[in-house]
There are 2 protein chains.
Amino acid sequence: MNEIVAVDWGSSMLRAALLSEDGRVLEERSAQRGILSVPAGGFPEALQLTCGEWLQGDQRLCIISGMAGSRQGWREVPYCACPAGFPELTRQLAWIESPFSAARIAIVPGLSCEHHGVPDVMRGEEVQIFGAMSLRGGTDSGRFVLPGTHSKWVRVEQGRIMGFATFMTGELYALLRTYSILARTLPPDDGPLDADAFTRGVAQARSSGSLLRSAFSTRTLSLFQRQPPHVMPSYLSGLLIGEELRAQQFDATDGTITVVGSQQLTLRYELALLSLGLPARRVGAEATWRGLWLIARSLLGNHP
Amino acid sequence: MNEIVAVDWGSSMLRAALLSEDGRVLEERSAQRGILSVPAGGFPEALQLTCGEWLQGDQRLCIISGMAGSRQGWREVPYCACPAGFPELTRQLAWIESPFSAARIAIVPGLSCEHHGVPDVMRGEEVQIFGAMSLRGGTDSGRFVLPGTHSKWVRVEQGRIMGFATFMTGELYALLRTYSILARTLPPDDGPLDADAFTRGVAQARSSGSLLRSAFSTRTLSLFQRQPPHVMPSYLSGLLIGEELRAQQFDATDGTITVVGSQQLTLRYELALLSLGLPARRVGAEATWRGLWLIARSLLGNHP
C-alpha cells in the first residue's frame with residue numbers, strides 16, 4: 001500500500017503526517033525542530049528523529065513544504081515564478097537524498113512574484129492554497145488569505161496563483177504587544193477574544209488610515225479609561241487585522257474570500273471581514289496535508 | 001535681573017537651560033534623569049541635582065514642560081483641551097513646590113483632543129509649537145510636524161492649536177530594526193543616510209498602502225540583492241516616514257509645512273516632503289526654550 005509522508009517544515013516547528021493512499025491522516029507528529037533550530041547539515045537527522053520509521057523502503061514518497069527549501073533550510077530550492085498552477089509547482093520539485101532512508105524525498109518550491117520592482121515570496125502557503133481549492137470544490141478563483149506571522153493575500157484565477165502580497169501582521173502584533181509603550185497598559189495575558197473590542201479595532205484601523213496612527217489609540221483609550229484593560233489585546237488584534245483589510249482593494253467581483261489556517265485565526269478574519277460586509281469561508285489547517293497529498297498523488301500517477 | 005529656568009523633562013532625559021530675561025540661552029545642561037528613572041517623590045531632588053544653583057531666590061521662575069506633568073511624573077497635570085491658544089495654556093499651569101528651593105515652579109499642561117471618540121494627547125510638543133511660531137514670525141497657521149518616537153501632526157489656525165494626531169513612527173522603526181525578521185538582513189549600524197534608498201522607501205510606502213505590507217519589502221529586496229545591505233536602514237527609515245506622510249490628507253491650501261525638531265530628523269522629513277512635491281521649513285530644537293521663555297515672560301508681565 002502506497003502510504004505518503006507529508007512534512008510541513010517551518011521556521012519554528014516541524015510537522016509531519018502519515019497519509020493513506022486516498023489522503024486520510026493516519027498519524028500526525030510535531031516537534032520543536034523548526035529550521036532555525038537545526039544546524040547546517042542536520043536536516044536528514046531531524047527528519048529521521050521525527051518520523052524515521054515512516055520513511056522505510058524505496059517505494060515510500062515524502063513531500064516537504066515550507067522553509068526547508070529556504071537558504072537556511074535543507075537545500076535552497078529556487079522559487080517558482082507566478083503566475084503558477086499546480087503543474088508548474090510539481091515540475092519544479094527538488095529531489096533530495098537522506099543517508100538514513102531510501103525513500104523518495106522532494107521539497108516543494110516556494111512561489112515568487114513581483115510588484116513594481118519589489119519581489120515577494122512564500123514558502124508553504126502555495127501548498128495550502130492548492131489543498132484548500134481541493135477541499136472546497138469549485139473554489140478555483142478569487143481571493144485567498146493565509147493569516148499568520150506573515151499573512152499572505154493571494155489572487156487565484158482558474159486554479160492558477162496569479163500573484164500575492166505579504167503583510168507582517170502577526171509579527172507586528174507581537175512586537176507592539178511585547179516591546180512597545182502599549183505593553184505598559186496591556187494585561188500580561190491576551191485572554192479570550194472580546195468580539196466588541198475586536199470589531200471596534202477593525203473599524204478604527206479603517207478610519208485612521210495607518211497603523212502608525214491607530215496603534216497609539218490603544219494607549220489613549222486605556223489612559224482615559226474608555227475601555228477596560230482586559231479587552232485591549234482584542235482591540236489591538238482588531239487594529240492589526242483591520243489594517244491588513246484596509247490595505248486591500250475589494251470590489252464587487254471578489255465574492256466570498258477564502259481564509260485558510262488555524263481555527264483561532266480564521267475565526268478572527270471571518271469576524272473582521274463580516275464586520276465590513278464581506279463574506280468569508282474558512283478552511284482549516286488540513287489544507288496543508290491535502291496539498292501535499294495532491295502533489296504525491298500526481299507523482300504516483302506519473303510513476304506507476 | 002530676571003533670569004528664567006527652562007526645563008524640558010521627558011521620559012528618558014531631563015534638559016534644562018538658564019535663559020536671560022530676553023530669552024537668550026546662557027547655559028544648558030542635560031542629565032539621564034528622565035521621568036521613567038526617577039522614583040516617586042524624587043522629582044524635587046532630581047531637579048535640584050541638575051540645576052539647583054539656578055533655582056536660588058524667591059524671584060526665580062522655573063517653567064517645566066513634558067512628561068513631568070504625566071501620571072508617572074512630578075505631579076499629574078490635567079490636559080488642556082483643544083482648540084487651545086497660548087492664553088489657555090498659561091492659565092492652566094500647575095504651580096508646585098520644592099523643599100530645596102523658594103523659586104516659583106510651574107508645570108505646563110499637555111494638550112488633548114478627540115477624533116471620533118478616540119482621545120489623543122501630547123506633553124511638551126505644545127511648547128515647541130508656540131516657540132516655533134515665535135521663532136518663525138508669520139507662521140501662525142498651517143501644518144506642524146514634530147517628528148520623534150511618537151510624531152505629532154498638528155493643525156494650527158491663527159495661533160491656536162486646533163487638533164493633532166500621534167504617529168508611532170520612531171518607535172515602530174526601532175521595533176522593526178531591532179526585534180523583527182528584518183533585523184536579520186540589516187547591518188548592525190544605521191550608518192549615514194543614503195538619500196536614494198530613503199526616497200525609494202518613501203515612494204514604496206505610498207504605493208503599498210500599508211506599513212504591514214511595505215515593511216516586508218525590506219527583506220525581499222535584500223534576499224534578491226536588489227539593494228546593498230548598507231543602504232537598507234535608510235530604506236526602512238523612508239518606509240516609516242513615508243507611511244506617516246501617506247496617512248496625511250494634504251490639499252492645495254496647506255502651503256509650507258513646518259517641521260520642528262532635531263536637525264537629523266527634520267532633514268529627513270524635509271527630504272521626504274520634497275520628494276512628494278511638498279515644501280517644508282525646518283525649526284530646530286531651540287523652539288522648546290523659546291516656548292518656555294514665552295510662558296515665563298507672560299507671567300512676569302502679569303506679576304510685575
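Presented here is a report on the structure given in the accompanying data block. (Residues numbered from 1 in each chain as written. Chains lettered and ligands numbered in written order. Predicted model: local features only at pLDDT ≥ 70, side-chain atom pairs only at ≥ 80, totals over all residues. Heavy atoms only, no water.)

Of the regular secondary structure elements, chain A holds nine helices and 14 strands. Taking 304 residues into account, the globule formula puts the C-alpha radius of gyration at 19 Å, and chain A, at 21 Å, falls close to it. Taking the principal axes of its C-alpha atoms as reference, chain A extends roughly 65 × 40 × 40 Å. Looking at the 304 residues of chain A, the share that counts as buried comes to 57%. (Helix = DSSP H or I, 4+ residues; strand = E, 2+ residues; numbered from the N terminus. Rg over C-alpha atoms; globule rule 2.2 N^0.38 Å. Buried < 20%, exposed > 50% of the residue type's maximum accessible area, 1.4 Å probe, protein only.)

Right, let's talk about the relation of the copies chain B and chain A for a bit. At an RMSD of 0.0 Å, chain B and chain A line up after a rotation of 180° and a shift of 0.0 Å along the axis. Read as a symmetry element, the transformation amounts to a two-fold axis. With an isologous cut-off of 70% or more, the 100% of interface residues of chain B that recur at the interface of chain A puts this contact in the isologous class. (Least-squares fit on C-alpha atoms with pLDDT ≥ 70 in both. Contact = heavy atoms within 4.5 Å.)

This part is about the interface of chain B and chain A. On the chain A side, the residues contacting the 47 residues of chain B number 47 residues. Roughly 4100 Å² of surface becomes buried between chain B and chain A when both sides are summed, with 66% attributable to carbon and sulfur atoms. Scanning the region where chain B abuts chain A turns up two salt bridges. Seen at the junction of chain B and chain A, the total is 18 residue pairs in polar contact (both at pLDDT 80 or more). Of all elements in the fold, only strand 8 (111-115), strand 9 (118-122), strand 12 (160-167), helix 4 (169-179), helix 5 (195-208), helix 6 (211-223) and helix 7 (232-246) of chain B reach the threshold of two or more residues within the side of chain B that touches chain A. At nine residues, the largest contribution of residues to the side of chain B that touches chain A is made by helix 6 of chain B. Residues that form the side of chain B that touches chain A fall into these classes: 23 nonpolar, 12 polar and 12 charged. (Buried area = accessible area lost by both parts, 1.4 Å probe. Salt bridge = Lys/Arg side-chain N within 4 Å of Asp/Glu carboxyl O. Polar contact = N/O pair within 3.5 Å; in protein donor to acceptor, adjacent residues only side chain to side chain. Nonpolar A, V, L, I, M, F, W, Y, C, P; charged D, E, K, R; others polar.)

Glancing now at the sheet that holds strand 5 (residues 80-81) of chain B. What the three strands build is an open sheet, ordered 5-8-9 (chain B); its pairing is mixed. Edge strands, defined here as strands with exactly one partner in the open sheet, are strand 5 and strand 9 of chain B. One ladder, built from five bridges, connects strand 8 of chain B with strand 9 of chain B; its direction is antiparallel. The partner of B:S112 across the bridge, within strand 9 of chain B, is B:V121. Sheet strands in contact with helix 6 (residues 211-223) of chain A are strand 8 and strand 9 of chain B, and its direction is about 90° off that of strand 9 of chain B. (Pairing = 2+ DSSP bridges. Axes fitted to C-alpha atoms, helices over the stretch in contact; angles between N-to-C directions.)

A word on the pairing of strand 13 (residues 257-260) of chain B. All names here are of chain B. Residue alternation in strand 13 divides its side chains into two sets, I257 and V259 and T258 and V260, and both sets are buried. With two bridges joining them, strand 10 (residues 142-146) and strand 13 adopt parallel strand pairing. Its bridge partner being in strand 13, F144 is matched across the sheet by T258. Sheet topology places strand 13 next to strand 14 (residues 280-283); four bridges connect them, and they run parallel. Bridge pairing in strand 14 places T258 opposite R281.

Let us look at helix 8 (residues 263-275) of chain A. Residue and element names in this part refer to chain A. Its 13 residues place the ends of helix 8 18 Å apart at the C-alpha level, agreeing with the 18 Å of an ideal helix rising 1.5 Å per residue. Within helix 8, the full set of buried residues consists of T266, R268, Y269, A272 and L273. Projected down its long axis, helix 8 carries its buried residues within an arc of 155°, all on one side. Exposed side of helix 8, more than 90 degrees from the buried face: Q263, Q264 and L274 are the residues found there. Directly beyond the C-terminal end of helix 8, a positive phi value near 80° is found at G277. (Expected span 1.5 Å × (residues − 1). Arc of directions from axis to C-beta.)

Attention now goes to the environment of A:Q59. Position of A:Q59 among the secondary structure elements: in the loop between helix 1 (43-51) and strand 4 (61-66). When the C-alpha atoms of A:Q59 and A:T220 are compared, they prove to be 62 Å apart, with 161 residues separating the residues in sequence.

This paragraph deals with unusual backbone geometry. Here A:C82 and A:P83 are connected by a cis peptide whose omega angle stands at 0°. Following the sequence through the fold, A:P83 ends up in the loop between strand 5 (80-81) and helix 2 (86-91). Even without glycine at this site, A:Q158 takes up a positive phi of about 45°. With respect to the helices and strands, the residue A:Q158 is situated in the loop between strand 11 (151-157) and strand 12 (160-167). Of note, B:H116 is a non-glycine position whose phi angle comes to about 50°, a positive value. Relative to the elements of secondary structure, B:H116 occurs in the loop between strand 8 and strand 9. For B:H116, a relative accessible area of 78% corresponds to the exposed category.

Time to look at the pattern of salt bridges. All names here are of chain A. All chains considered together, the criterion is met by 26 salt bridges over all chains. Across the pair R155 and E157 runs a salt bridge whose closest N-O atoms are separated by 3.1 Å. R282 is the partner of E270 in a salt bridge, and the nearest nitrogen-oxygen pair spans 3.0 Å. Here R282 lies in strand 14 (residues 280-283) and E270 lies in helix 8, a separation of 12 residues in the sequence. On the basis of relative accessible area, R282 is assigned to the partly exposed category, the value being 29%.

Here B:T288 is to be found in helix 9 (residues 286-302). With near-sequence residues (within four places) excluded, B:T288 lies in contact with B:D8, B:V127 and B:Q128.

Another point: the packing of helix 4 (residues 169-179) of chain A against helix 7 (residues 232-246) of chain A. Residues and elements named next belong to chain A. At a closest axis distance of 10 Å, the pairing of helix 4 and helix 7 adopts a crossing angle of 145°. Relative to helix 7, the crossing made by helix 4 is right-handed. Residue-level contacts link T169, L172, Y173, L176 and R177 of helix 4 to P233, L236, S237, L240, I241 and E244 of helix 7. Looking at the contact of helix 4 with helix 7 residue by residue, the class counts come to seven nonpolar, two polar and two charged. (Left-handed = near helix turned anticlockwise from the far one by under 90°.)

All names here are of chain A. Taken together, six strands build an open sheet; the order of strands is 3-2-1-4-7-6 and the sheet is mixed. Edge positions in the open sheet fall to strand 3 (25-31) and strand 6 (94-98), since each of these has one partner strand only. Direction aside, the axes of adjacent strands within the sheet are offset by 25° on average.

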